Amino acid sequence: MKNTYTSKVHPVYWIMILPMVVLFFLFHTTPFLQGIFYSFTDWKGYGIWKVVGLRNYLQVFKDPSIQSSYLFTFKFALTATILVNVLSLLLACALNSKIYFKNFLRAVYFIPYILGTLIISYVFRFIFSNIIPDIGRALDIQALKVNILGTEHAWLGILIVTVWQSCAFNTLIYLSGLQSINPDIYEAAAIDGAEGLYRFAKITFPAIAPFFTINLVLCVRNFLMAFDQIMGLTSGGPGISTTTISVLLYKRGFQGGQFAYQSANAVMLFVIVMIISLVQLKLGENKEKKYE
Amino acid sequence: MNRKVIGKIVAGLTLITAAAWTTVSCSKKSNIASIELFSTKGENVATLQKLADKFTAEKNGSIKITIISPQDASTVLRSRLTKNDIPDMMAIGGDSTYTELASAGVLENLSNEPFIADIQENYLQMLYDVNKDTSKTAYAVPYAANGSGVLYNKTLFRKAGISIPKTWDDFTADFDKLQKAGIKPVELTFMDAWTCLPPWNSMAPVLQPKNFTDDRRAGKTTFAATHREILEKYLVILGKASGDYMGTSYNDGNKNFAEGKAAMMINGNWAIPEFTKVNPDIDVDMFAFPSTNNPAENTVTSGIDVAFAVSAASPNKKAAEEFLAFLVKPENAQFYVDEQFAFPTVKGAAQNNKTVNGVKDDIAAGKVSNFPDHYYPSGFDLASILSQFALNYKNGMDNETNITQTLAACDKQYDAVNVQ
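Residues numbered from 1 in each chain as written. Chains lettered and ligands numbered in written order. Predicted model: local features only at pLDDT ≥ 70, side-chain atom pairs only at ≥ 80, totals over all residues.

### Details of the overall build of chain B
Within chain B, the regular secondary structure consists of 18 helices and nine strands. For a compact globule of 420 residues, the expected C-alpha radius of gyration is about 22 Å, and chain B comes in at 24 Å, within 12% of that figure. Split into buried and exposed, the 420 residues of chain B put 46% on the buried side. The long-range share in chain B, meaning contacts at least 24 apart out of those at least 6 apart in sequence, stands at 78%. (Helix = DSSP H or I, 4+ residues; strand = E, 2+ residues; numbered from the N terminus. Rg over C-alpha atoms; globule rule 2.2 N^0.38 Å. Buried ≥ 20, exposed ≤ 12 C-beta atoms within 10 Å, placed from the backbone. Contact = placed C-beta atoms within 7 Å.)

And the structure:
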């Protein structure tokens, strides 16, 4: 592997990567750059437009609904990330231990990932609005009698659905991490007397640290851009209490004809997500180095 | 090794994303002999298709019409315009979609077409009012109108011994009488935020000052100074509504109403077919929302539900205009109105269904106001503000604080989107 940079690259690599580069540039980079350009105009999405400089960006900072959607998105992303990672790690450890029906259970826990988010959301919308209130009435529990999606706690309903679905994929990644640990290490640990939580903290967790990093990055990115489940469950309501940035972008950008203005908002979201992801990767890298 | 694993996962995800992007298909081009009619109202496709077939037969097949209406059609239409892939003909509402299309210069000016004379003046005026410069230019032909007010179950009204209320005081008294008779007075479905709009839309045109729209746009007045009474009356209705209305969806509410579980719904004629789907025998009618104690002032809220527009850039403009002239003929307009359960905007057609008897005369006599939200800038999300207002009430917020806060939110958001 020495002298990678000076040695001649075999043309087959170029052939393999070139179509990808072209497609990626055409369908991803170009619209992205267009979006950045239009964020400096007053384009409505069609028709005549002119360049307006930084006006859109200045307006973004003054818009109360954008501010509240950022607050909500961060609150949601933080809570969901923590819950998803804690739960999936627990699930993965359980599914990696010697239990009966291990493969069957793994399949069961993976099913939510295969289902479409919108479908899940519609099913849960029905459960929240029709089934749970019936249960509440039958058991006479006041808190369950009302549809949670119609209260100020609507975001908890969304959180439940999101966590339930996201755990599947994260568990899978943690599982693959756990399986990559050499059993010899555990044996050595057992001889040294490391058990239970202590063993988890000193051996298991450091060994799967890179998986933890990638899970965190993916989670935060996904939840900062949460869209499907919210459109399916509450459409951002009641009020704008569950409007994430993506939902706001869609509603105002496409339905409200504020394409350029919301492009500016989208660029800001992009910058924020990028910074957070880079910071996470950097921190994760340091942690991994420490254990290597 | 760690880096490799991460690298693999990232590469895999990139591939999946790229694959998803490439499957996004391109739109097809319309061919020369045919007209593409884009309807933002999925419900009217079957009716339009019948009219189109009749037209094609009349023309011996020389003009072919394809009708499409995708989900979330206004959004799709907007995104098609971004690609400059404009349908030859569009059936759109007389709302912000029309304003935007017209002001973007993609619609043909139809003012000089002879069939404009066959359209009722008050609906043409409604269309002019939503032109960005409010000029008397018709970039579309109003074809059908809707009506919004109070839908009521006649059987339940009889049971409680009440008749159609003409004044606000009678209206509120009827709520109590229904309650006393053991009938749930009103079914509100605020889980779908847009259903918070109909009560506002009924009261605002009557209770707000005459020049509010223009003055507000120019920043000469505020919601806080003019719309207090509307919210006060809104709170009265919320106070008399029972049940988990914040958690009831439009579909569930329609079902409940159709099954006779509530006496009234504050919504429009478009909900009636939803009731008859569940219960074909329901005895339902509609009356104008009694916003004030003076029956002469109360109006039915009625807006342009469907207007036909022609793309200025279409190569088949002539054919599209021929089809338009055909649609506006009274017998065809009548056919549309009957099938679609709409109110006509074309002279010589009439809506005779008994389920809208209570508002038919008001509409025919022009005792109507347009939906006030058609005049608000697009992006002004009043539905969300009102849904928050209702939630605040449910959470026991003090009425005075709630009203002040809500009106302040209206003004703040209006100013935020008025810039664009």
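### Concerning the overall build of chain A
From N to C terminus, chain A includes 13 helices and zero strands. The order of helices and strands in chain A, counted from the N terminus, is α-α-α-α-α-α-α-α-α-α-α-α-α. Along the first, second and third principal axes, the C-alpha atoms of chain A reach 75 × 75 × 30 Å. For chain A, the residues scored as buried account for 36% of the 292 residues in total.

### Notes on unusual backbone geometry
All names here are of chain A. One non-glycine residue with positive phi stands out, namely Asp 140, at about 55°. Along the chain, Asp 140 turns up in the loop between helix 5 (117-139) and helix 6 (142-145). Even without being glycine, Ser 235 reaches a positive phi, approximately 55°. On the basis of neighbour counts, which here come to 20 C-beta atoms within 10 Å, the residue Ser 235 falls in the buried class.

### Here's the deal with the interface of chain A and chain B
Listed by partner, the interface residues are 40 residues for chain A and 38 residues for chain B. Mapped by element, the contributors of at least two residues to the side of chain A that touches chain B are helix 1 (11-38), helix 2 (55-62), helix 3 (64-96), helix 5, helix 10 (209-224), helix 12 (245-255) and helix 13 (259-291) of chain A. Residue contributions to the side of chain A that touches chain B peak at five residues, all from helix 1 of chain A.

### Remarks on the domain arrangement of chain B
Residues and elements named next belong to chain B. You can read the domains of chain B as domain 1 (34-146 + 303-360) and domain 2 (147-301 + 373-418). The centre of domain 1, based on its C-alpha atoms, is set 29 Å off from the matching centre of domain 2. Taken together, the contact pairs 15 residues of domain 1 with 18 residues of domain 2. For the side of domain 1 that touches domain 2, the secondary-structure elements that each account for two or more residues are helix 4 (96-103), strand 4 (141-153) and helix 16 (357-364). Here the element with the most residues in the side of domain 1 that touches domain 2 is helix 16; it accounts for three residues. (Domains from an automatic or database assignment.)

### A look at the nonpolar core
Residue and element names in this part refer to chain B. Residues Ala 140, Ala 307 and Ala 309 are the most contacted members of the largest nonpolar core, which totals 166 residues. When residues of this core are sorted by domain, at least three fall in each of domain 1 (34-146 + 303-360) and domain 2 (147-301 + 373-418). If sequence neighbours within four positions are ignored, Ala 307 has contacts with Ile 92, Gly 94, Tyr 98, Leu 127, Ala 140, Val 141, Pro 142 and Tyr 143. (Core = buried A, V, L, I, M, F, W, Y, C linked by C-beta atoms within 7 Å.)

### Description of helix 7 (residues 154-179) of chain A
For helix 7 of chain A, which comprises 26 residues, the first-to-last C-alpha distance of 38 Å matches the rise-based estimate of 38 Å (1.5 Å per residue) to within 8%. At Cys 167 of chain A, helix 7 of chain A is deflected by roughly 35°, the largest bend along its length. (Expected span 1.5 Å × (residues − 1). Bend = angle between axes of the 7 residues up to and from the residue.)

### Quick notes on the pairing of strand 6 (residues 284-287) of chain B
All names here are of chain B. Residues Val 284 and Met 286 of strand 6 are buried on one face, and the alternating residues Asp 285 and Phe 287, pointing to the opposite face, are buried as well. Summarising the sheet, strand 4 and strand 6 pair through four bridges and their orientation is antiparallel. Among the inter-strand pairings, Asn 153 is bridged to a residue of strand 6, identified as Val 284. (Pairing = 2+ DSSP bridges.)

### Notes on the packing of helix 4 (residues 102-114) of chain A against helix 7 of chain A
Residue and element names in this part refer to chain A. Between helix 4 and helix 7, the shortest axis-to-axis distance is 7 Å and the interhelical angle comes to 120°. One finds that helix 4 runs oblique with respect to helix 7. Relative to helix 7, helix 4 is oriented so that their crossing is left-handed. Two secondary-structure elements touch here, helix 4 through Tyr 109, Phe 110, Pro 112 and Tyr 113 and helix 7 through Trp 164, Gln 165, Ala 168, Phe 169, Thr 171 and Leu 172. (Axes fitted to C-alpha atoms, helices over the stretch in contact; angles between N-to-C directions. Parallel < 35°, antiparallel > 145°, perpendicular 65-115°, else oblique. Left-handed = near helix turned anticlockwise from the far one by under 90°.)

### Details of the environment of Gly 303 of chain B
All names here are of chain B. With respect to the secondary-structure elements, Gly 303 resides in strand 7 (residues 300-310). Residue classification places Gly 303 among the buried residues on the basis of 24 C-beta atoms within 10 Å. In the structure, Gly 303 is positioned 157 residues away from Asn 146 in sequence and 5.7 Å away in space, judged by C-alpha atoms. Sequence-distant contacts of Gly 303, defined by excluding residues within four places in its chain, comprise Gly 94, Met 126, Ala 145, Asn 146, Asn 370, Phe 371 and His 374.

### Describing the packing of helix 5 of chain A against helix 7 of chain A
All names here are of chain A. At a closest axis distance of 11 Å, the pairing of helix 5 and helix 7 adopts a crossing angle of 135°. Classed by the angle they form, the pair helix 5 and helix 7 counts as oblique. The handedness of the crossing between helix 5 and helix 7 comes out as right-handed. Across the interface between the two elements, Thr 117, Ile 120, Ser 121, Phe 124 and Phe 128 of helix 5 pack against Gly 157, Val 161 and Gln 165 of helix 7. Partitioned by chemical class, the residues of the contact of helix 5 with helix 7 number four nonpolar, four polar and no charged. (Nonpolar A, V, L, I, M, F, W, Y, C, P; charged D, E, K, R; others polar.)

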